[in-house]
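Below, each chain spelled out in residue letters.
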Amino acid sequence: FQEFPGGWSGSSLRGGTMDLLLLLLLHGLLLLPLAALLLYRCSSTFQYLCKMAFFNCWIVAMATLLSPFAAFRGRSVENMKLLRASLLPLKRFYGIRMRVRGSERLQLPGPFVIVCNHQASLDLIGMVEVIPDRCVPIAKRELLYLGTVGWACWLSGIIFIERHRRDAAIGVISRTAGTMRRENVSRLCVWVFPEGTRNPGRSMLPFKRGAFHLAVQAQVPIVPIVISPYCDFFSSKEKRFTSGTCTIQVLPRVETRGLSPKDVPKLTESVWQAMAKALAEMSMSDHGDQDTEQLQLGEDRGSPQGQGDTAESSK
Ligand SMILES: CCCCCCCCCCCCCCC(=O)SCCNC(=O)CCNC(=O)[C@H](O)C(C)(C)COP(=O)(O)OP(=O)(O)OC[C@H]1O[C@@H](n2cnc3c(N)ncnc32)[C@H](O)[C@@H]1OP(=O)(O)O
Ligand SMILES: CCCCCCCC/C=C\CCCCCCCC(=O)OC[C@@H](O)COP(=O)(O)O
């Protein structure tokens, strides 16, 4: 480059290009969040993707932060309290109002098995709303391999089963029943999603029998819980996630004392029927507003009737 007095020199030309590039980069950096914000406001799909990404990031972040503290205690159901506390704020972030009905039905002195419908991973938000102390979920083994999430689940005493290895899964369930029955172990409850997989919408899949074998083997009651359909505010198929209201209905417990394995098919069917009825009633009313407290279970023996409450959560 030749230099001319008062003209452009090679170095000043390079400097000018650099300035221009920097200016463009700065604009880009400023415009990107603005564009993302605009997209978030305009596109419900983008909003859904952001909210789901945040859900997963929150879980990974909490698992990473809390696992070292949980590790001090070792593998213990007491760590479920940490897991629960870390997931409770999620409903506020998403503007989900939780209504719980019949929560007093969970205050039993002894062990019991909870069975709950499974629509989406969002069920975790409902689960932590009502899960009693010393209660662990049964989860698919794949969760164990999700890095710190798996570690957090293991430390919290979550019971893992390999769904496609029936004999191994039955073995895990039998050992769990043994632990529930053992007198020297303080009360242990187990939460099962008996559909065995997620099932979005207003219906339920037929139930797998493991939860019912577990209750019969341990001779403990079954407490069915129904979470109202998310259709109003959430759909993974339509990529829609807005704020909304969710009702959690705890149904009367079903006793299993005196039942044997041959009673399991009938027991499974009657619990499915009772839960399907409650789900249908919730679907008909706006957000499960209809009072389903008077639900009677065919198999229900000795459950306190008509004592239901409706608690709007302030947790
Ligand atoms: C800090 C932040 C960290 C946050 C971390 C995030 C937290 C995550 C935790 C949340 C966990 C939620 C996870 C949800 C899930 O993973 S759902 C998926 C796992 N759950 C299930 O699969 C449900 C349990 N499954 C079963 O119970 C099944 O019954 C199973 C044992 C797996 C067998 O299934 P399958 O073979 O497909 O079918 P059936 O149930 O129809 O059974 C077939 C025959 O076997 C007999 N059977 C079943 N179980 C038993 C048993 N325990 N004992 C004896 N016999 C059994 C059953 O009766 C059938 O025989 P018959 O037809 O009656 O002759
Ligand atoms: C080193 C590896 C790092 C991996 C990091 C992975 C990050 C994973 C991010 C978030 C994990 C969120 C876990 C939420 C678990 C929700 C429970 C759930 O809903 O499981 C589904 C199961 O019921 C049924 O599964 P399917 O419907 O049969 O499918």
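The sections below set out a description of the structure shown in this document. The numbers attached to residues start from 1 for each chain and follow its sequence in the written order. Chain A is the first chain written and ligand 1 is the first ligand written, with later ones labelled in order. Residue-level local features of this predicted model are given only where pLDDT is at least 70; pairs of side-chain atoms are given and counted only at 80 or more, and the full residue set underlies all totals for whole chains, interfaces and linings. Side-chain descriptors were evaluated using all non-hydrogen atoms of the structure, hydrogens and water having been removed beforehand.

## What to know about the overall build of the protein chain
Okay, step 1: Broken down by element type, the protein chain carries 9 helices and 10 strands.
Okay, step 2: Three exposure classes are used, based on accessible area relative to the maximum for each residue type with a 1.4 Å probe and protein chains only: buried under 20%, partly exposed in between, and exposed over 50%. Of all 315 residues assigned to the protein chain, the portion counted as buried reaches 46%.
Okay, step 3: Residue-level accessible areas treat just the shown protein chains as cover; the underlying method is Shrake-Rupley with a 1.4 Å probe. Accessible surface computed for the protein chain: about 16,600 Å², of which carbon and sulfur atoms make up 61%. The helix and strand labels rest on DSSP assignments: H or I over at least four residues marks a helix, E over at least two residues marks a strand, and numbering proceeds from the N terminus.

## Details of the site of ligand 2
Okay, step 1: Proximity criterion: a residue is near a molecule or strand once any of its heavy atoms comes within 4 Å of it. In the vicinity of ligand 2, the contacting residues are Asn56, Val60, His118, Ser121, Leu124, Lys140, Leu146, Arg163, Thr197 and Arg198.
Okay, step 2: Interatomic distance of 2.9 Å between a side-chain N/O atom of arginine 163 and an oxygen atom of ligand 2.
Okay, step 3: When isolated, ligand 2 has an accessible area of 760 Å², and the protein chains bury 66% of it. Pairs of N or O atoms are called polar contacts if they sit within 3.5 Å, as long as, within protein, a hydrogen donor faces a hydrogen acceptor (for residues adjacent in sequence, only side-chain-to-side-chain pairs).

## Comments concerning the site of ligand 1
Okay, step 1: Near ligand 1 you find 27 residues, and of these Lys140, Arg166, Lys208, Arg209 and His213 are the closest.
Okay, step 2: Arginine 166 has a polar side-chain atom sitting 2.7 Å from an oxygen atom of ligand 1.
Okay, step 3: One of the side-chain N or O atoms of lysine 208 is found 2.9 Å from an oxygen atom in ligand 1.
Okay, step 4: In isolation ligand 1 has 1,300 Å² of accessible area, and contact with the protein removes 81% of it.
Okay, step 5: Broken down by secondary-structure element, the contributors of at least two residues to the shell around ligand 1 are α2 (44-73), β3 (135-140), α6 (148-155), α7 (166-181) and α8 (210-218).

## Thoughts on the packing of α2 against helix α3 (residues 80-87)
Okay, step 1: Put simply, α2 and α3 touch, their axes get as near as 10 Å, and they point 150° apart. With respect to α3, the element α2 is oriented roughly antiparallel. Seen along the crossing, α2 lies across α3 with a hand that is right-handed. Between α2 and α3, the contacting residues are Trp58, Ile59, Met62, Leu66 and Ala70 on the first element and Leu82, Ser86 and Leu87 on the second. A fitted line through C-alpha atoms serves as each axis, taken over the contacting stretch for helices, and the angle formed by two N-to-C directions is quoted from 0 to 180°. Each angle is binned into one of four classes, with values under 35 degrees roughly parallel, values over 145 roughly antiparallel, values of 65 to 115 roughly perpendicular, and all other values oblique. Here a crossing is taken to be left-handed if its near helix is turned anticlockwise relative to the far helix by less than a right angle, and right-handed if that turn runs clockwise. Here, residues are in contact when the closest pair of their heavy atoms is within 4.5 Å.

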